[in-house]
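Structural overview for review
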Amino acid sequence: MTDLLDAPAVHRPDAPPEPAGAVGAAGWSPGARWLVASCLAGAGAIHMAMAPSHLGESAVEGWGFVVSAWLQLLLAAAVLLRPSRRVALGVVATSAALIAAWAISRTAGLPFGAHAGHPESVSIVDGACVALEVVALIVAAAALRGSGPVRTALRPPLAIAGVVGAVVLTTGAVVSPSARDHAAASHGDHAHPAGTEPAAGGDHDHGAASDDAGFAALSNGHQHEHGQDAPLTAEERSTLAGQLAATAPLIERFPTLADAEAAGWHRSGPFSPGLGVHYQGPNFVMNADGRMDPEDLAAPMLIFDGVEPDSPLAGFMFLSYGSQSEPEGFAGPNDHWHYHESVCIVTGPGGVIETPFGADRDDVTEEMCAGVGGAFVPFTGYMVHVWNVPGYESPDGMFTELNRKITCPDGTYDRIDLKDIGSRNTVCLNP
């Protein structure tokens, strides 16, 4: 970083005048060069770190992250090694385009990829990345216009502080729980709502395995981010307790999968570690308005830990099929609803539902689904899991999408490739 302390260029009377607005090596102050390069490198590092999780959900989105990362890293090198007007234009155009893409993805949703048309939530990771891009854009634009005040302000002490700040912000974003949620375990650690403290139970080793056992890969970029559960008010706790009380009769009536099948419930999709196997009853409610009315609370899907007759009840799933945005749902702010896209549903004998291609794959088409006699569902509607069955309280919170207490029979979360599901009743690698 010795360039920050470079002596100012000496004016030569015989040198030709620089065109107005020109930006060459002398037009970029050393402080501006280092600050812009640091911001670009930081944003590129964040994009590269998040690329694997996005590739796991959508090839289009994942490769978009890879291309963005390399473009920003190359621009960072160009700013340091060959600063010019063209490089400044490249920084401004690239940063503006990426900021605009981020804004669209958080408001209307991107028009392509596995989550086309559905906005994503804002996290510390993408917030930090956009902040770095905004700083790079502003400083590069000022240099492009030959802005004297900006060059004057970015003297060595302030420039060094800016570079250090960019490094700290990048590091904080990449190692934050949000980054782990997005690219590893998807949600980090959460506080437990009242009455949902972890408990031991189940036939498998349901505790959080110290060696991870594949849970990070299972939730990589999939379990939707919601951060730490917020404390509830006395009124919210009372209302939520009343809502959850509606599941007590179901817990008593259907302790095992065999009990549900005997009452006419049928399987809806295969068993998956972290998710269990879902069973839909004859009185299942779609809940078009997203409010948890008594009839909605009384008719969720049942979730079982396994596909054998004695597999125990583990939780519930509520669906709001008509909602185009996250439903009002349960009392308090902690019921984080999720959805799936591009699902092919094949209804078999006895009402059993198969999903031969899995969910959230951007390579599944209506033609592929029609070829196996299925119905293509572009958007499933919003759904939420409730892990309040004794012994299966999720260590990460009552309403998490995944429950690490539900494993494959070998105690891992290892799955087959989703394209090989077919009519299997489990996606476990070692069923």
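Quick caveat, the model's predicted, so the values are computed rather than measured.

Within the largest apolar cluster, 41 residues are counted, with the highest numbers of intra-cluster contacts made by Leu302, Phe304, Phe316, Phe318, Phe330 and Val386. Among the secondary structure elements, those contributing two or more residues to this core are helix 9 (234–245), helix 11 (257–262), strand 2 (276–280), strand 3 (301–304), strand 4 (313–320) and strand 8 (382–386). For this core, the leading source of residues is strand 4, giving 6 residues. Not counting chain neighbours up to four residues away, the residues in contact with Leu302 comprise Leu250, Phe254, Ala260, Trp265, Val277, His278, Tyr279, Leu313, Gly315 and Phe316. Listed in part, the 25 residues of the second largest apolar core include Cys39, Val91, Ala140 and Leu144.

Turning our eyes to something else, we now look at the confidence of the model for the protein. For the protein, the average pLDDT comes to 78, and 74% of its residues sit at 70 or higher. Low pLDDT, under 50, characterises residues 15–26; the predicted model gives this stretch 13 contacts beyond four residues in sequence or across chains. Note on residues 148–153: pLDDT under 50 across the span, and 5 contacts to partners over four residues away in sequence or across chains.

Applying the stated rule across the entire model yields 2 disulfides. Between the sulfur atoms of Cys344 and its disulfide mate Cys369 the distance is 2.1 Å. Around the S-S axis, the bridge from Cys344 to Cys369 shows a dihedral of about 85° and counts as right-handed. Of this pair, Cys344 sits in strand 5 (residues 341–347) while Cys369 sits in helix 13 (residues 366–371), and the two are 25 residues apart along the sequence. Cys344 gets classed as buried once you look at its relative accessible area, which sits at 0%. Its relative accessible area of 1% is what places Cys369 among the buried residues. At a sulfur-sulfur separation of 2.1 Å, the disulfide partner of Cys408 is Cys428. On the S-S bond that ties Cys408 to Cys428, the torsion sits near -95°, and the link is left-handed. Pair noted here: Cys408 is in the segment after strand 8 and Cys428 is in the segment after strand 8, with a separation of 20 residues, a long-range link. Cys428 carries the same exposure label as Cys408, and that label is buried. Numbered in order of appearance, the disulfide-bonded cysteines of the protein are paired 1-2, 3-4.

Calculation notes
- Residues numbered from 1 in each chain as written.
- Predicted model: local features only at pLDDT ≥ 70, side-chain atom pairs only at ≥ 80, totals over all residues.
- Heavy atoms only, no water.
- Core = buried A, V, L, I, M, F, W, Y, C linked by side-chain atoms within 4.5 Å.
- Buried < 20%, exposed > 50% of the residue type's maximum accessible area, 1.4 Å probe, protein only.
- Helix = DSSP H or I, 4+ residues; strand = E, 2+ residues; numbered from the N terminus.
- Contact = heavy atoms within 4.5 Å.
- pLDDT = per-residue confidence, 0-100.
- Disulfide = S-S within 2.5 Å.

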